[in-house]
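Here's the letter readout for the chains.
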Amino acid sequence: MKRRDFIRKAAIGGVVLPQFINGYSLKATADTSLLPTVSHDLPNDRVLVLIQLTGGNDGLNTVVPVDQYGAYQAARPTIALPQNSLLKLAGYDATALHPALSEFQQLFNEGKGGLVQSVSYPKPNFSHFRATDIWMTASDSDKVLNTGWAGRYLNDLFPGFPDKYPNEIMPDPLAIQIGSVVASAFQGPSFTMGLAISNPSNFYNLIEDKVEVASNTRWGEQLAYLEKVSQKTDQYAGVIKKAAMKITKQSDKYPAPGKNQLADQLKIVARLVAGGLRTKVYLVSIGSFDTHSKQAEADDTTTGTHAQLLRKVSEAVGAFMDDLTKLQVADRVVGMTFSEFGRRIKSNASGGTDHGTAAPVLYFGNSVKAGIIGTNPQLPTTITVNDNVAMQYDFRSVYATVLQQWLNFSSDQIRQILFGQYPLLPMV
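Residues numbered from 1 in each chain as written. Predicted model: local features only at pLDDT ≥ 70, side-chain atom pairs only at ≥ 80, totals over all residues. Heavy atoms only, no water.

**Topic: the nonpolar core**
Counting residues in hydrophobic clusters, the biggest one holds 110 residues, and the most contacted among them are W149, L272, F320, M336 and L418. Tallying contributions element by element places helix α10 (residues 305-326) first for this core, with nine residues. Discounting chain neighbours no more than four positions away, the residues touching L418 are A138, W149, R152, R396, Y399, A400 and L403. Core analysis: the second largest hydrophobic core is formed by 15 residues, Y72, A75, A80 and A358 among them. (Core = buried A, V, L, I, M, F, W, Y, C linked by side-chain atoms within 4.5 Å. Buried < 20%, exposed > 50% of the residue type's maximum accessible area, 1.4 Å probe, protein only. Helix = DSSP H or I, 4+ residues; strand = E, 2+ residues; numbered from the N terminus. Contact = heavy atoms within 4.5 Å.)

Written out as structure tokens, the structure reads:
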């Protein structure tokens, strides 16, 4: 295998570095003597944080149509939330939040949070794998793309990656995913544009110099080879560590490490943003939203699996925003949630909900336009197990909006990235 081929293949699988150095993967780089012609000057230091709710989040128990509470309760006799438990949204009496979302409610009511109703795409797919792929690549449901939407954006913004990076213009990772392997959303035309920190604990091992190369392993041998052929191999680890070491104090609103995996991930993101990384996109995730059974406790539907998951999301986002504010970087960040699909309107016999279609997207940040985009889903008077929430907004409209209104890409560029034109939403 030629050196360049090896490095590129290592980048694809591995900027996932868990296998490379005890959980860290670093992007090896080639010659950096010539800087690439960046298609755009870095116009701003804005950051987009994507929060993936893996498994298919139940939108109707996340954002409840209070104006149709009778139909909602009839459709979900075992999991419907008591009306008096719902969290009110300032200026929106017809809609309320799950009681576990108190921190997000506070952001919303402070003008720092919003939601887009009923987000999906035409001809939705009910397979976790395929639906996730559609969201990651921004493809039509009947087409398969080999590149991710964020990867195409980063490839356009940083042409020539990876051969000419890191460099003086962009010394930092283009995108970072925490808590998993690199998602297909970051796949560029030739290479993955992201770097994965697969386990938050490995992040702290790195900055505390506890990372060692297992030279007697296959991956250790490959890393040694990479280091031999290019002393640039660990540059990204260096900039990550340098950024992290600048931050010595973070919000005390984060739960104890290990109690909330999403909070652990977002705490790292806040530290790296505040530490000065110019990384444009971060992706974090939390799983187990596939709530086919026992979604809520029968004797108290405000508790149970779904409530615990939403509690973690709200707690993590609240602590993250508090942290960003105290670190004086909150104006730089916009975050949003997404899930591969929503759930059916009617609950099932197992006290859960089955794979559905549209669901709300939650977004937050100092610069967002707070409010509800869209209307409550219309619930039929006679509901069957096959009824779904009708789509109001294509998920690519959400992507187009953050790309243009937050990351400052032109409409022509966005059309090329998303392979089509999608209406913008008043999110930012």
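**Considering the confidence of the model for the chain**
Here the chain averages 87 in pLDDT, and 84% of its residues register 70 or above. Contacts for the low-pLDDT stretch residues 1-40, under 50 throughout, to residues beyond four places or in other chains number 112 contacts. Predicted confidence for residues 224-233 stays below pLDDT 50, and this span has 20 contacts to residues more than four positions away or in other chains. (pLDDT = per-residue confidence, 0-100.)

**Some remarks on the side chain of Q52**
With respect to the helices and strands, the residue Q52 is situated in strand β1 (residues 47-53). Exposure remark for Q52: the relative accessible area of 9% places this residue in the buried category. If sequence neighbours within four positions are ignored, Q52 has contacts with T132, M136, L283, V284, S285, I286 and F338.

**A look at helix α3 (residues 102-109)**
Side chains that are three or four residues apart share a direction in an α-helix, a result of its 3.6 residues per turn. Within α3, burial applies to F104, Q105, L107 and F108. For α3, the angular spread of the buried residues around the axis is 160 degrees, confining them to a single face. Residues of α3 that are buried make contact with β3 (87-89), β4 (92-97), β5 (113-120), α10, β10 (359-364) and β11 (371-373). Following α3 by one or two positions, G111 has its phi on the positive side, about 80 degrees. (Arc of directions from axis to C-beta.)

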